Amino acid sequence: MPPAPNPRTPKRVAVLGSTGSIGVSTLDVARHLPDRLRIVGLAAHSNWDQLAGQCREFRPRYAVVCDPAAFQAADRSAFPRETELLGGPDGVEKLATAADVDVVVSAVVGAAGLRGTWAALEAGKDVALANKETLVVAGPLVTGLAARRGARLLPVDSEHSAVFQALTGYTAADVTRVVLTGSGGPFRGKTAAELEQATPEQALRHPTWKMGPKITIDSATLMNKALEVIEARWLFDLRAEQIDVIVHPESVVHSFVEFADGSVLGQLSPPDMRLPIQYALLYPERVPGPAKRLDWSALSGLRFEPPDRTTFRALDLGFEVARRGGTTGAVLNAANEEAVGRFLGGTLPFLGIARCCRAVLDAHDFDPAPTLDRLLALDRWARAEAARY
Ligand code: NDP
Ligand code: MG
C-alpha cells in the first residue's frame, strides 16, 4: 500500500538573516523537510546576491534587503517573478507580521535583530530565536510581550534548546539548577599573558562550531556564554544563582538541568545547529532530518572542567547582568558589539573587549525598570562610549 499522505499542511516560515550561518542551516532543514516546512519569506542585510540565489531555490513570496543602499543596488531580475522584493526595516516588519507566516526564525546578528523579533511577537507569531541579543537587551519586555500575545519563544541556541528539551513536562518550579555547557573556545587553557597579543585570525578559529564572525569572537572571550546566562535567565525565568557554566570541549552535551529531586537531565548530539533549528520549527515533534547523528563508537570521552574566570573576565559580566537586570543587558550587549568590531578592525586588543564592557557598564546610569525606548537610547550611548574607550 502507498504511504498515507501527510494530513498536516507545511508550516509557513520566514527567516530573518537567511544569508548567515543560522539562516543557511535553517534553509538546509527546510530543504530536507519540504512537506513540513515552506519558506514564505527571506531577509538579508546587504547580501542581495546570495539572497536572490536562495529565492530562486525556495521561491518565497517575500524577500527583504534590509540595507537601503543595497536594496537600491539589487538586481531585481535575479529574483523570481513571484517573489515580492521589499527594502529597509519596514520590509522586515512587513515580512515578520505577514498573515501567511506561522513562524519567524530570528537569525539576524546583534541588537539589530530586536526590531523584527519584536514585530513578529507583537503580531502573535511564534519565534524560533537564535538572536540571543534580543533577550540580553530587553529580556523581560520581550518575554512579557510574547506572553501577552500568546506567541511562543522557541530557543534555537543549542544550550537553550537542550534545556528546553530537558524541561519537557516540567516548569521552572521543578528546577534547582541549569548548567550551560560551552566548548571553551579556541583559547581554552591559555593565560591572560598569552592572550595579550591574540589576533582576530586566531580568535576566529573555533574548535567545534562554524558560525558567523561576531559569535565566534564572543566564544573566544566567553562573552557568548555570558550572553547565554542572561538569555537563560529570561527565557526560563530562572534566578542568576540557579545558572552555572561548565566547559565541555567536545560540544556533545549541550546543557544539563538539575531537578529538585537531584536528578540531572542532559541533551546530547553532535555539534550541528540543524538539530535545534528543526526542533524549534517542528516542536514538539521529532522527525528524521538532516542533522548529524552521534557516532557512539568514536565517542571515547566527555570532559567537563570549570571555566577560567580570571582570564575570561566576560563571564562574570554575564552573571552580574543576569542578577541586576534593568538597563545592564542593553549596555553590556552594545558595548560588546562595538568592542568586537574594534577588535576585528585592529583598534582594540583581545583582552580589551571585556575591559571595555566593564568600563561602559560602570559608567552607565542604571535604571531597574527601563522602557524599550530608554534601552534603545542606551544602546546608542554604550556604542559611542565603547568606540571612545
Ligand atoms: P552571521 O553573521 O553568519 O549572519 C548574520 C545574518 O544577519 C546575515 O543574514 C546578515 O545579512 C544579517 N544581518 C546582519 N546585520 C543585519 C542588520 N543590521 N539588519 C538586518 N540583518 C542583518 O550570524 P550567525 O548566523 O552566526 O548568528 C545569527 C544569530 O544567531 C546571532 O545572534 C548569534 O548569536 C546566534 N547564534 C548563532 C549560532 C551559530 O551557530 N552561528 C549558534 C547560536 C546562536 P547579510 O548576509 O546581508 O550581511
Ligand atoms: Mg550557544
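Reference entry: report on the structure contained in this document. (Residues numbered from 1 in each chain as written. Chains lettered and ligands numbered in written order. Predicted model: local features only at pLDDT ≥ 70, side-chain atom pairs only at ≥ 80, totals over all residues. Heavy atoms only, no water.)

## Focus on the coordination of the magnesium ion (ligand 2)
The textbook angles at a metal center are 109.5 degrees for a tetrahedron of four donors and 90 or 180 degrees for an octahedron of six. Coordination of the magnesium ion (ligand 2) by the protein is provided by Asp 157 (OD), Glu 159 (OE) and Glu 228 (OE), with metal-donor distances spanning 2.1 to 2.2 Å. Linear spacing of the donor residues for the magnesium ion (ligand 2) on their chain is D-x1-E-x68-E. Taken together, the residues Glu 159 in helix α7 (residues 158-166) and Glu 228 in helix α11 (residues 223-235) connect sequence positions 69 residues apart. (Donors = N, O, S within 2.8 Å, 3.2 Å for Na, K, Ca; no water. Helix = DSSP H or I, 4+ residues; strand = E, 2+ residues; numbered from the N terminus.)

## Here's the deal with the packing of aromatic side chains
With the rule as written, the count across this model stands at 7 aromatic pairs. For the pair Tyr 170 and Phe 259, a centre-to-centre distance of 4.6 Å together with 50 degrees between the ring planes defines the contact as tilted. Of this pair, Tyr 170 sits in the loop between α7 and β8 (175-182) while Phe 259 sits in strand β10 (residues 253-259), and the two are 89 residues apart along the sequence. Members of the aromatic cluster, joined through ring pairs, are Phe 164, Tyr 279 and Tyr 283. We note Arg 233 situated over the ring of Trp 234; from NZ or CZ to the ring centre the distance is 3.8 Å. (Phe/Tyr/Trp six-rings, centres within 6.5 Å; stacked < 30°, edge-to-face > 60°. Lys NZ or Arg CZ within 6 Å of the ring centre and 35° of its normal.)

## Considering the nonpolar core
Judged by nonpolar contacts, the single largest core of 124 residues is most densely connected at Leu 332 and Phe 350. Other than its neighbours up to four places away in sequence, Leu 332 contacts Met 223, Leu 227, Ile 230, Leu 317, Val 321, Cys 357 and Leu 361. (Core = buried A, V, L, I, M, F, W, Y, C linked by side-chain atoms within 4.5 Å. Buried < 20%, exposed > 50% of the residue type's maximum accessible area, 1.4 Å probe, protein only. Contact = heavy atoms within 4.5 Å.)

## Overview of the packing of helix α10 (residues 213-221) against helix α14 (residues 328-345)
Axis separation between α10 and α14 bottoms out at 10 Å; the angle between their running directions is 100 degrees. Our classification of the angle between α10 and α14 gives roughly perpendicular. In contact with Lys 214, Ile 217 and Asp 218 of α10, α14 contributes Asn 333, Asn 336, Glu 337, Val 340, Phe 343 and Leu 344. (Axes fitted to C-alpha atoms, helices over the stretch in contact; angles between N-to-C directions. Parallel < 35°, antiparallel > 145°, perpendicular 65-115°, else oblique.)

## Considering the site of ligand 1
Of all residues adjacent to ligand 1, which total 25 residues, the nearest are Thr 19, Ser 46, Asn 47, Glu 133 and Gly 212. Contact distances for ligand 1 include 2.8 Å between an oxygen atom and a backbone N or O atom of Asn 47. Calculation on ligand 1 without its partners gives an accessible area of 900 Å², and the protein chains cover 85% of this total. Listed by contribution, the elements that provide at least two residues to the shell around ligand 1 are α1 (21-32) and α10. (Near = heavy atom within 4 Å. Polar contact = N/O pair within 3.5 Å; in protein donor to acceptor, adjacent residues only side chain to side chain. Areas by Shrake-Rupley, 256 points an atom, 1.4 Å probe, with all protein chains shown as cover.)

## Regarding the environment of Thr 9
Inspection of the secondary structure assignment puts Thr 9 in the segment before β1 (11-16). In the structure, Thr 9 is positioned 28 residues away from Leu 37 in sequence and 8.6 Å away in space, judged by C-alpha atoms.

## Things to note about the side chain of Ser 18
In this structure, Ser 18 sits in the loop between β1 and α1. The exposure class of Ser 18 is buried, given its relative accessible area of 0%.

## Quick word on the sheet that holds strand β6 (residues 126-129)
Spatial strand order, β4-β3-β2-β1-β5-β6-β7: 7 strands in an open sheet with parallel pairing. Looking along the sheet, the strands with just one partner apiece sit at the ends: β4 (84-87) and β7 (153-155). In this sheet, neighbouring strand axes are inclined to one another by 25 degrees on average, regardless of whether the strands run parallel or antiparallel. In the sheet, strand β5 (residues 103-106) pairs with β6 via 4 bridges, with the strands oriented parallel. Looking across to β6, one finds that Val 105 is bridged to Ala 128. (Pairing = 2+ DSSP bridges.)

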